[in-house]
Each structure stands twice: as C-alpha cells, then as structure tokens.
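# Structural characterization, general
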Amino acid sequence: MWLPCRCAAKYVAASFSRGVSASFLHALRRNRSSWNAAAFMPESSGFEGVSGRDALHDYSVSHSESFWAAVARQRLSWIRPFDVVQDCDLSQGRISWFEGGKLNVSVNCLDRHVHTCPERVALIWERDEQGSEVRYTYKELLEMTCRLGNLLRRQGVKKGDCVTIYMPTCPLAVASMLACARIGAAHNVVFAGFSAEALAERIRDAQSSTVITVNQGVRGGKITELKRTVDAAVRSCPSVQQVFVAMRTEKQVEMTDRDFVLEEEMLKEDDVLFLLYTSGSTGKPKGLVHTQAGYLLYAAFTHRYVFGYHDGDVFGCVADIGWITGHSYTVYGPLANGGTTVLFESTPVYPDPGRYWEMVERLRINQFYGAPTAIRLLIKYGDQWVKKYDRSSLTTLGSVGEPINTEAWEWYNRVVGEGRCPVVDTWWQTETGGICIAPKPSEPDAEIVPGMAMRPFFGIKPVLMDTEGKVLTSNNTSGALCMAQPWPGMARTIHNNHQRFIETYFQPYPGYFFTGDGAYRSEKGYYQITGRLDDVINVSGHRIGTAEIEDVVNQCPAVAESAVIGYSHSIKGQGVYAFVVLKKGVDIQEADISKQLNNMVSEKIAKYACPEFVQFAKRLPKTRSGKIMRRVLRKVVECDLDSLGDLSTLDDPAAVQEIIKGHEKLLSK
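Small disclaimer: the values here were computed from a predicted structure and weren't measured.

### Quick look at the packing of helix H7 (residues 171-183) against helix H12 (residues 324-336)
Running from N to C, H7 and H12 cross one another at 60°; their axes reach a closest spacing of 12 Å. The angle between H7 and H12 falls in the class oblique. At the point where H7 passes H12, the crossing takes the right-handed sense. Where H7 approaches H12, its residues Val174, Met177 and Leu178 are matched on the opposing element by His327, Val331, Tyr332 and Leu335.

### Comments concerning the pairing of strand S30 (residues 573-582)
Within S30, seven of the ten residues are buried, which leaves the element mostly enclosed by the surrounding structure. Between the parallel pair S30 and strand S31 (residues 613-617), the chain is carried across by helix H19 (residues 590-604), and the sense of this crossover is right-handed.

### Comments concerning the UniProt feature "domain: AMP-binding enzyme C-terminal" (unreviewed entry) in the chain
According to UniProt, the "domain: AMP-binding enzyme C-terminal" (unreviewed entry) feature falls on residues 548-627. The span residues 548-627 carries 26% helix and 32% strand; its end-to-end C-alpha distance comes to 17 Å.

### Notes on the sheet that holds strand S22 (residues 471-472)
Here we have five strands laid out as an open sheet, ordered S22-S21-S23-S25-S26, and antiparallel in their pairing. Every other strand in the sheet has two partners, leaving S22 and strand S26 (527-532) as the edge strands with one partner each. For strand S25 (residues 513-521) and S26, the ladder comprises five bridges, and the chain directions are antiparallel. From the neighbouring strand, Arg521 faces S26, where its bridge partner is Tyr527.

### Quick notes on the packing of aromatic side chains
The tally for this structure, following the rule as stated, stands at 44 aromatic pairs. Ring centres of Tyr356 and Trp357 lie 5.6 Å apart, and the angle between their planes is 75°; this geometry places the pair in the edge-to-face category. Site record: aromatic cluster; members linked through ring pairs are Phe40, Phe47, Tyr59, Phe67, Trp68, Tyr298, Phe301, Tyr305, Phe457 and Phe458. Stacked on the ring of Trp125, the Lys or Arg Arg127 has its end atom at 5.3 Å from the ring centre.

### Some details on the pattern of salt bridges
Counted under the stated rule, the structure contains 36 salt bridges. For the salt bridge of Asp87 with Arg94, the shortest nitrogen-to-oxygen distance reads 3.1 Å. For Asp87, a relative accessible area of 30% gives the class partly exposed.

### A word on the nonpolar core
Among the nonpolar cores identified, the biggest contains 134 residues, and Phe67, Leu172 and Leu335 are the most heavily contacted of them. Tallying contributions element by element places H7 first for this core, with ten residues. Apart from residues no more than four positions distant in its own chain, Phe67 is found in contact with Met41, Phe47, Leu56, Tyr59, Ser60, Phe301 and Phe458. One finds Val318, Tyr356, Ile379 and Val416 within the second-largest nonpolar core, a separate group that totals 30 residues.

### So, the UniProt feature "domain: Acetyl-coenzyme A synthetase N-terminal" (unreviewed entry) in the chain
In the numbering adopted here, UniProt assigns the feature "domain: Acetyl-coenzyme A synthetase N-terminal" (unreviewed entry) to residues 54-109. Taken end to end, residues 54-109 is 46% helix and 11% strand, and its first and last C-alpha atoms sit 30 Å apart.

### Remarks on unusual backbone geometry
Here the residue pair Tyr350 and Pro351 is connected by a cis peptide bond, since its omega of 0° sits within 30 degrees of zero. Inspection of the secondary structure puts Pro351 in the loop between strand S15 (340-344) and helix H13 (355-363). Positioned with a positive phi, Phe98 is a non-glycine residue whose angle comes to about 55°. On the secondary structure map, Phe98 appears in strand S2 (residues 97-99).

So, how was this worked out
Residues numbered from 1 in each chain as written. Predicted model: local features only at pLDDT ≥ 70, side-chain atom pairs only at ≥ 80, totals over all residues. Heavy atoms only, no water. Axes fitted to C-alpha atoms, helices over the stretch in contact; angles between N-to-C directions. Helix = DSSP H or I, 4+ residues; strand = E, 2+ residues; numbered from the N terminus. Parallel < 35°, antiparallel > 145°, perpendicular 65-115°, else oblique. Left-handed = near helix turned anticlockwise from the far one by under 90°. Contact = heavy atoms within 4.5 Å. Buried < 20%, exposed > 50% of the residue type's maximum accessible area, 1.4 Å probe, protein only. Right-handed = clockwise from strand over helix to strand, strands pointing away. UniProt positions renumbered as here; feature names shortened; annotations may be inferred. Pairing = 2+ DSSP bridges. Phe/Tyr/Trp six-rings, centres within 6.5 Å; stacked < 30°, edge-to-face > 60°. Lys NZ or Arg CZ within 6 Å of the ring centre and 35° of its normal. Salt bridge = Lys/Arg side-chain N within 4 Å of Asp/Glu carboxyl O. Core = buried A, V, L, I, M, F, W, Y, C linked by side-chain atoms within 4.5 Å.

Structure follows, in structure tokens:
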C-alpha cells in the first residue's frame, strides 16, 4: 500500500493558524447570548434584513439564486466564473447549476490548501490494526493523486471515461477518486462488500475500461479476497482492459496480462502538477449522477455548518467510501474545507466494543458521524466500553442512514457525549448529495428533540403531500416528503436512463422532488422522518410507519434493537411482525417481554400497531455498513426463501439462517 515517504504512523502535522472563519466561530461559541449572521456566515453580510438563523434560512429559500451565487463564489475556486446560477425545472426533471462556470474538484480539494498549509494533515487512515494509523498531509495526498492521475492518463483514461473503484476505505481509494476528477474522468465507487456478480453489473453499466482494486481487504480481523472477486467479475465485462491492484497485504495474488501493481506503476510517474480544466461528472452508486460544482459546494457547505466544523478539527465519519455518506462526508466535504478527515477501515467491535471510543481518544476526534445501527449494537455491550476512554475532544455527534430511535439518541447523547455534545440526526439520501434536514445549524441554545431531524438546511424547502397530491400546510400532520425547489447538491440523472429519473422523482408529485420518504411535521414545524413510504404497514386501513413502531419497541429497557416489517394478513390486510434483539445479560422470559412490548406499542401508538408476532434473535442480518436487511427479513416472513437475492453484502450470512430457524420455530408453536 502506498505510504508517505516518511512512513511514520505517529506523525503529527505542523501546527497552523486558524482562519478568519474559525475565529468567528470561536467568538460565536464564547458569546452564546447573541447570534451574528455575518460572523456565522460571512456571505450573509450582503443579504438584506438577515439577522438570525431563521431569517438566514428564509432568505436562502426566498432568494435562492443570490444566496447560492454568493456562497459558490466565496467557497469554491473557479477557473471560469459561472454565468447562470441555476436553470432548473422540477416538472421536467431538468437540473442545472452554475452554467458557464469551470472548476476542478481535485484543485478545490487539494491544490488550494497545499498553497496555504501543505503540512496540514488531510487524511488519518485508521487501519484495521488498532493503533497503527497513518497520516497523510495535503502535500502528500496531492503527490499521490497527481501520480495516479498521470498514470491513468498515460494508460489511456480520458475525459468522459468512467473508472470503477472497488477498494476498502483507504488513502489510495481517496486518491483514485480525486485523480479521476483531476483528469475529467468519472468514478464509479463500488462497495467492497458486493459480490462478483453485483460488481460486474455495475462495471458493465458504467462501461468501465479501467478497474482499481486491492489484493486483499482487511476488516474486523478478517481477510477478503477482493482481487479474486474482481477476476470473477471482469470475465463477463468485455469493456475492461486494465486492472490496477494495490497491495493492502503482503499476500501475492495471481496477475494476468491486464493486471498491474498500482504502487509500482505510480513510481514510474512524476508528481508534476497538472490541470485539465474539465467539468466531467462523477458516477454514484445506484447509477445516480452528481456533477462537480453543485455537489462539491453542497457537501462542503453542509459539512461545515451542520457539524460546526472549523479549521484544526478532526472529523470522524466512519462510513465506507462505497456509500454516499463516505463520498460526501469522508472525502469531498472535509477535503474541500481543508479539513482533517478519518478513514475508518475496521468495525465498531474489533478488537472489542470500545474501538470507536479508543479511536476518538487516540486521534482526538471532534465530530463523530455514524449509523444508528452501530449505536444500537454498542448499547448491548454496556456503558463501560465508552466510559473507559477520554471523549473530551468531541463537540458534535451525528447519526446517518436511518431515523435514530429515542433510546439510542439518548444513550448517544448521555453516555458518549456526556450530555454536552449536540446530537444531529441527519436526513438525506444518495439523491440529495448532502444533508437536507438536521437539528443544526440553529440559533444558539435552540432545542434539539430526540429522534427528529427537525430543521431544513439552508436553501431546502420541504413540503408534505397528501394522497391526492395536495400540499399539507398545517403542522401536526404527516405526509409524503417532497422538496419544493432545487438545491445544488441534488442528483442530475440516472446513468443512461433519464426517463426513469423523471418517473421516479418528479412524476409522482408534478413540480416537486419526491423523496420516497414519509415525514411528520410537529406543532413547532419540526420534521421527523417516519420511514420509506414502502415501509408503511396498512393494518385494517390504518397506515403506520415501521420506524415509528421500532422507536417504541427500542424504548424497552431489555431491547438492544429491532426491525419491524409488515406481512400479509387474511383479515387485516397486513399484520405487524417484529424482530427483537435483547441486550446482553437480560434475564426475563421472552413471553413477558412480548407482552410488555405490546403494552408499550398499544399505549404509545395504538392497539392496531401491536406486533402479532415477536421473534427474538441473537442478531439481525446487516450489511457491512451496518444497515439492517429488511428485504431479507420480509422474504423470510413471507416464506419466500427462493427470492432472498444477493446476500454477499451481509456482514455475516449465517445470521440469515438463524433468522429462518427462529421463524420456523415461532410458527410451530
């Protein structure tokens, strides 16, 4: 694996002075009795009548073009200024921002920071082997990126080509992404847990001629044969002409004529800086396409303001770079802001359940961003694994991927954050490019409600729609969550299928962007995500979100986590089926817990929402990124085992067999 020339795992970058914006934020923190819009966001000095966060948000929605124009000019380095801020028509699915402008994503993420602070640490690679982190400065990351970009260009990769990256979270994966952006190529980062068949499908769809991978992946103390997976995948991908293989371990792997050892090839290149001023696009998972300027601006802007990030902080997003969270908040957002970002290669429980918090202490992480599923997993192991380590460096805690239940939120806030760190429950999607609804930014000391995403970000105008496609204007109501106006970070199309893009996101509610999620708006106007609309159970005509039931079930002191699905019911239409994982050491009869859960659901929601079946399990089937595979659970309950589909992304496929046996046992009672 390519390492900095000094190869020092404990290297500490030279200290550097903080910028003006950092001093503004520090002053803001010291004087919490007042809120100065211009100090908080320098661009707002030109926004007439803006004196607070709410007024700033109102301006960003009512004067969208002037708001985003000011932010884009201030926060991105342009080769050629844009002529038109936006040309969007949601009724037609036409999304275009900053027309006429040119910039280079790699330059915005690297070069401009090298000019001012070359020895600032850009990446901290938290390797699977605990305590063996490696730091890369902006200067070193730029050199790596330039060598890789020169190599790709020499090997025939050109503007408009799409390079598939099948790698674990590591510095060379980041450099590969930035090298593609540098030469105007698109990148298609495929999660390194996907099977050969799934990888091949994505390679073919992207029509990639170049694949970048590693010999082996290392995660949770286990070895995965990624090169072998690539070999199997490319057999059905005639477009692939070359495969570059980085060496994560010392294990030699079989190499063919089209295979090259990446580090050896990079050494043949020089690190002369070059620029190809292009405006190529970046391919995202699921075929969604994000373009450069709008996406980069939105990722950087949300990263700074949602998490309160400032120069000198260490940002710890533990998502895999194969997912959109890793793209936006491990790579592009932090690097565009000149930040220090952590690349987490391991798991939350390796070598023990204190891994996250030991890392926080050792790396002095300031903002921590993880998934509710991981938080619920760690609750099972007790508070001692958290309290064992110093977490005084933490200032903000974030959750991402699904709504966080109240109990997990409160544990996260009370135990991990010691009651002093705001917990930002963020809502967004691959389609949105970045965070759209979150408790922060807000007025100083503004309330944060557990389990609610709460406040729209700047420039975001959410609306709730009823079943007839009418906008719900009152509070204390639920409906389909849509966006009433465009924002720079939103996806532009689905690769090779723009008609599907229109049908999925713009036709259900003409003139609006349909998120596919349901939401509740409280009396105070705060938003709570109730789950995917296809995760809504219709019990005897009563519609209830699975996330709402799970939130109540997870409030039971004996429950570590749960997953609720709907199943066909001959009388009610659908019934409620709950999978429940108990905390370690719980010594209560399962029948008593089932009764307790039904009483809780009946009291907090309604009797019709009570689970007909409660299946207890040691664990739930999850992807390596921590998401519960509800699709698999649904197939098990429906007894449709022949349609379980691809299970290669599961952290441990054996969990599915445990669920199947438990289901059969429950039915036999």
